[in-house]
Amino acid sequence: MSFHIFKQLNADEQEPTAAPVEATATTNEPVAQTAEAPKAAVAEVPVETAHDDFDWSRDKRNVAAYSAEEKLKYDAVYEGTFRQINDGEMIQATIESLTKTDAVVNIGFKSDGLISLNEFRDMPGGVKVGDVVEVMVVEKEDRDGNLNLSRKSARITRAWERIVEVNKTGEIVTGTVTSKTKGGLIVDVFGMETFLPGSQIDVKPVTDYDQFVGKTMEFKVVKINEAIKNAVVSHKALIESDIEAQRAEIIGKLEKGQVLEGTIKNITDFGAFLDLGGLDGLLYITDISWGRISHPSEVLKMDQKLNVVVLDFDDDKKRISLGLKQLTPHPWDTLSESLKEGEIVKGKVVNIEDYGAFLEIMPGVEGLVHVSEITWSNTPINAKEFFKLGDEYEAKVVTLDKESRKMSLSIKQLSEDPWSTIEERFPENSRHTGTVKNITPYGVFVELAPGIGGMIHISDLSWLKRFNNPNEYTKVGNQIDVMILHIDKEGRKLQLGHKQIEEDPWNSLESVFAEGTIHEGTVIKKDDKGAIVQLSYGLEGFAPSRHLMKEDGKSIAADEIANFMVIEFDRNDKRIVLSHTRLWEQEKEDEKQAQMKERKTEYEAAKKAVKTIQSKVEKSTLGDLGVLADLKAKMDADNNTATGNAEEKSE
């Protein structure tokens, strides 16, 4: 840098004060000799005037220029008082003064810089005049000509350099969790924000991130992105390294039957995972308790510590099966001697199958109540509808095998067998009222008393109607009147009837619906084979498809009302066959018969007249004979036609 320095001089300084002289010696001319002084004796001495030392090289502004050598000398001195800086450079700076909002910073440049006090908030006790801090030169000269400095940028740059270094070396760093963000936490490491994913907080799943905000923890830098200067840290990696050391120690001593202490770290539907001090093991739900449990959470809690036994592990010792119930004796082995066959016990339903229910009389000791031991009745019982999980029942011990650990129970044997006096309570042909317990496609099961019931066959529901399914007549839970038709004491079965409560109406309806009688009916159901026709008295008849044709060639439709002729009545099979077609066919036949009868009458009359004429008049001419022959031929033709129609009708 070159500077041109000009020296401004004062006129008084340029002209030194001269000794007082006479007014006559005010010029530069030599003084003339006087008459009184001899010429030879007077020496010629130069006289100094007031302007003899004036620098005539000065300009009119009274300014003089340095020489080239002086310029170089002074330029070097001036430039030595400043330091050369570049944008992005890191430099040490001194705090010169403080304002309400900024700190005045001296970096040895030709001007000072300003840095916001917000960038010094991390300094303990705050920033003070005279403190030396590291700053970054953002711009030597911004648009306003000011020096732009930043302490924050300097800290971030130094922090990133350190983070890159520890990522390479694997060094453990200390950071402070500053806030929570989506999917994890923000951690301040060396003054730079880094990301801690939720999965990297701990080896156990963490749901509450807020508990870590404000905490200072140790971390390991696991990933960096040079392009965007972003870093990912992990606290879990440090825990896993400690766990791995503990795991190696545990695995080396692991044996079947060994008892270990573990902490429950996770509970699932099928069991619980335990932390054995760096090694995980699975405690299956079936190995938690000798008794049945529906979910492990019924007896276990998160972070609970308990002793477990090693049941099995694979060759690599990565999967370990644990047991809790094995630490206590099997309940069957400690079963009381007082429990014998015939004893009454109380248990809770813990499992229900199609064939029965299991009652737990004490944890780990269960007995089966078979469906046949629920009630004395032979009515089919659905165990899943009869029992409910958690319900308690009293039952009688029927069989007990401690060696095979099996027990059968009976509920029905708590009461007397009602079938022992069945004939006295429910004799044949007696009438009773029961409750519909079950309906099948072939009949209805009715309970008359606890343990006693029977079935009404679908054909015994009604005298008049035929049902495709008993559901069309009654429903489960309805009351129904029945008659005892038959008792099978050995098979514990009752044959019941409902229609037998009333007399058979078919005996009296035989005369009403005699063959050939005509009745009005409604088609209530129709298919390819024919139609079901609703008649009076609640009776139903069947009309085959060919007997549904009307005179116009169309078939009677469903819900249509028409007249039908009874063409068959079977009292034994309770069947009535109907025909609509036969009605109009019969009318046509009757009309033909009437016409034939009329023609026959005319023929007989003509024949009689001919005989009368023949008896009175002699044959006179051949023409008369021809007329008679024609009349006879016509009568013979009519007779043959009538005979053919009669034969066709008989067919």
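Residues numbered from 1 in each chain as written. Predicted model: local features only at pLDDT ≥ 70, side-chain atom pairs only at ≥ 80, totals over all residues. Heavy atoms only, no water.

With 18 residues, helix α4 (residues 236–253) should cover 26 Å at 1.5 Å per step; its first-to-last C-alpha distance of 25 Å lies within 8% of that length. Residues of α4 that are buried: K236, L238, I243 and I250. Along the axis of α4, the buried residues cluster in a sector spanning 155°; they form a single face. α4 presents A245, A248, E249 and G252 as exposed residues on the side facing more than 90 degrees away from its buried surface. Considering only its buried residues, α4 is in contact with β8 (172–181), β11 (216–225) and β12 (230–234). (Helix = DSSP H or I, 4+ residues; strand = E, 2+ residues; numbered from the N terminus. Expected span 1.5 Å × (residues − 1). Buried < 20%, exposed > 50% of the residue type's maximum accessible area, 1.4 Å probe, protein only. Arc of directions from axis to C-beta. Contact = heavy atoms within 4.5 Å.)

Applying the stated criterion across every chain yields a total of 18 salt bridges. For E161, the salt bridge goes to R158, with nearest N and O atoms at 3.2 Å. Taken as a pair, E161 and R158 lie in helix α3 (residues 151–169) at a separation of 3 residues, close to a single helical turn. According to the relative accessible area criterion, E161 is partly exposed, its value standing at 42%. (Salt bridge = Lys/Arg side-chain N within 4 Å of Asp/Glu carboxyl O.)

The next point concerns the sheet that holds strand β14 (residues 271–275). A barrel is described by the order of its strands in space; here 5 strands give the closed sequence β13-β14-β15-β17-β16, paired in mixed fashion. Each neighbouring strand pair of the sheet contributes to a mean axis angle of 55°, computed without reference to strand direction. (Pairing = 2+ DSSP bridges. Axes fitted to C-alpha atoms, helices over the stretch in contact; angles between N-to-C directions.)

A word on the packing of aromatic side chains. In the structure shown here, the tally under the stated rule is 6 aromatic pairs. Ring centres of F386 and F387 lie 4.9 Å apart, and the angle between their planes is 75°; this geometry places the pair in the edge-to-face category. F386 gets classed as partly exposed once you look at its relative accessible area, which sits at 36%. According to the relative accessible area criterion, F387 is buried, its value standing at 1%. Grouping aromatic residues by their ring pairs yields a cluster made of F386, F387 and Y393. It is R292 that lies over the ring of F358; its NZ or CZ is 5.5 Å from the centre. (Phe/Tyr/Trp six-rings, centres within 6.5 Å; stacked < 30°, edge-to-face > 60°. Lys NZ or Arg CZ within 6 Å of the ring centre and 35° of its normal.)

Okay, the pairing of strand β4 (residues 102–106) next. Alignment of strand β3 (residues 90–98) against β4, held across 4 bridges, turns out to be antiparallel. Across the sheet, the residue bridging to I95 is V105, located in β4. With antiparallel pairing between neighbouring strands as the criterion, β3 and β4 make up a hairpin whose turn holds 3 residues. By the bridge criterion, 4 bridges tie β4 to strand β5 (residues 113–116) in an arrangement that is antiparallel. Of the residues in β5, the one forming a bridge with A103 is I115.

With that out of the way, let us pick up the sheet that holds strand β7 (residues 147–150). Paired through backbone hydrogen bonds, the strands of a sheet run either parallel or antiparallel to each other. Spatially, the 5 strands close up into a barrel ordered β3-β4-β5-β7-β6, and their pairing is mixed. When strand polarity is set aside, the average angle formed by the axes of neighbouring strands in this sheet is 50°. On top of the sheet, α3 reaches β3, β5, β6 (132–139) and β7; it is set at about 100° to β6, its chief contact.

Relative to the elements of secondary structure, V166 occurs in helix α3. Between the alpha carbons of V166 and V222 there is a distance of 9.7 Å; along the sequence they are 56 residues apart. Contacts of V166, omitting those with residues within four sequence positions, involve E171, V173, F190 and V221.

Bridging between strand β23 (residues 431–440) and strand β26 (residues 479–488) involves 5 bridges; their strand directions are antiparallel. Bridge pairing in β26 links G434 to I480. The sheet contact formed by β23 and strand β24 (residues 443–449) spans 5 bridges and is antiparallel. Bridging across to β24, T440 finds its partner in G443. Hairpin remark: β23 followed by β24, antiparallel, with 2 residues in the connecting loop.

For the protein chain, per-residue confidence averages 80 on the pLDDT scale, and 83% of positions sit at 70 or higher. When mean pLDDT is compared element by element in the protein chain, strand β22 (residues 406–410) scores highest at 93, while helix α1 (residues 11–14) scores lowest at 42. Here residues 1–43 is a poorly scored stretch, pLDDT under 50, and it has 39 contacts once near neighbours within four places are set aside; other chains count. (pLDDT = per-residue confidence, 0-100.)

Another aspect to go through is the side chain of K325. Tracing the sequence through the fold places K325 in the loop between β17 (320–323) and β18 (344–353). One buried charged residue, K325, remains without a salt bridge, the closest side chain of opposite sign being D287 at 4.4 Å. A polar contact of 2.8 Å, which involves the side chain of K325, links it to the backbone oxygen of T286. Apart from the residues within four sequence positions on either side, K325 is in contact with T286, D287, I288, S289 and W290. (Lys, Arg positive; Asp, Glu negative; His and termini not counted. Polar contact = N/O pair within 3.5 Å; in protein donor to acceptor, adjacent residues only side chain to side chain.)

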